[in-house]
Amino acid sequence: MQRRRLLQLGLGAAVLMGVAGAGVAVFRPGLDGTRLSAASRQLMARVAEAVLDGLLPAAGPAREQALQAQLQRVDEAVAALPAPLRAELSQALGLLALAPGRWALLGLRSDWGQVSTAELQACLDGLRLSGQSLRQQVYHALRDLHSIAFFTAPENWRLAGYPGPQEI
């Protein structure tokens, strides 16, 4: 190996390590312990609006209160998951919180605060119908977490036509 080639290889490795190090420094897990991180809360609030469209109050303080209650129930559902599943969920949410991850998995260029409900619903449908199992798993994780959290709350049972437990 010539000295010039060795220097080029060393410079290329240094650049690659720098880029990888910057990526690791920017990446933050999606969960803080057993709770959603701040970035994940914003992401999950938008997903809740897309998944539960028509089930949440129309607008105003009632909608915001319903969203906060939903995120609290999601936190409780996440805390009940086994640790390995929480770790995978944390990685997925951390990836979706970053612009490159959001673009690669969902095709969303907009920030979570700026994406419309219709656009996000279209992205979720794209995940659901994707031929890649990873994208389908992301869809099911996002949708199922919100569905479970929403319909385990007794105040939401009537929306599903469930009258509640029967007296025996």
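Residues numbered from 1 in each chain as written. Predicted model: local features only at pLDDT ≥ 70, side-chain atom pairs only at ≥ 80, totals over all residues. Heavy atoms only, no water.

Details of the packing of helix α3 (residues 61-79) against helix α7 (residues 133-151)
Here is step 1: Packing of α3 against α7 leaves a shortest axis separation of 9 Å and a crossing angle of 110°. Here α3 lies roughly perpendicular to α7, going by the angle between them. Here Gln-70, Arg-73, Val-74, Ala-77 and Val-78 of α3 come into contact with α7, specifically with Leu-145, His-146, Ala-149 and Phe-150.
Here is step 2: When the residues that make up the contact of α3 with α7 are grouped by side-chain class, the tally is 6 nonpolar, 2 polar and 1 charged. (Axes fitted to C-alpha atoms, helices over the stretch in contact; angles between N-to-C directions. Helix = DSSP H or I, 4+ residues; strand = E, 2+ residues; numbered from the N terminus. Parallel < 35°, antiparallel > 145°, perpendicular 65-115°, else oblique. Contact = heavy atoms within 4.5 Å. Nonpolar A, V, L, I, M, F, W, Y, C, P; charged D, E, K, R; others polar.)

Let's talk about empty space enclosed by the protein
Here is step 1: One pass over the structure, following the stated rule, counts 1 cavity of 30 Å³ or more.
Here is step 2: Approximately 40 Å³ is the volume attributed to the largest cavity.
Here is step 3: Together, Leu-89, Ala-92, Leu-93, Leu-96, Val-138, Ala-141 and Leu-142 line the largest cavity.
Here is step 4: Of all the secondary-structure elements, those providing two or more residues to the lining of the largest cavity are α4 (83-97) and α7.
Here is step 5: Looking at the lining of the largest cavity residue by residue, the classes come out as 7 nonpolar, no polar and no charged. (1 Å grid on protein atoms, 1.4 Å probe; cavity = no way out; pocket = protein on both sides within 12 Å on 5 of 7 lines; lining within 4 Å. Points joined across faces, edges and corners; volume = space filled by probe spheres on them.)

What to know about the confidence of the model for the chain
Here is step 1: Here the chain shows a mean pLDDT of 85. Residues at 70 or above account for 88%.
Here is step 2: The element-level mean pLDDT for the chain is lowest in helix α1 (residues 3-26), coming to 58, with α3 highest at 94. (pLDDT = per-residue confidence, 0-100.)

A look at the packing of aromatic side chains
Here is step 1: Inspection of every chain in the model, using the stated rule, returns 2 aromatic pairs.
Here is step 2: With a centroid separation of 5.0 Å and 90° between ring planes, the pair formed by Phe-150 and Phe-151 is classed as edge-to-face.
Here is step 3: Taking the relative accessible area as the measure of exposure, Phe-151 reaches 31% and is therefore partly exposed. (Phe/Tyr/Trp six-rings, centres within 6.5 Å; stacked < 30°, edge-to-face > 60°. Buried < 20%, exposed > 50% of the residue type's maximum accessible area, 1.4 Å probe, protein only.)

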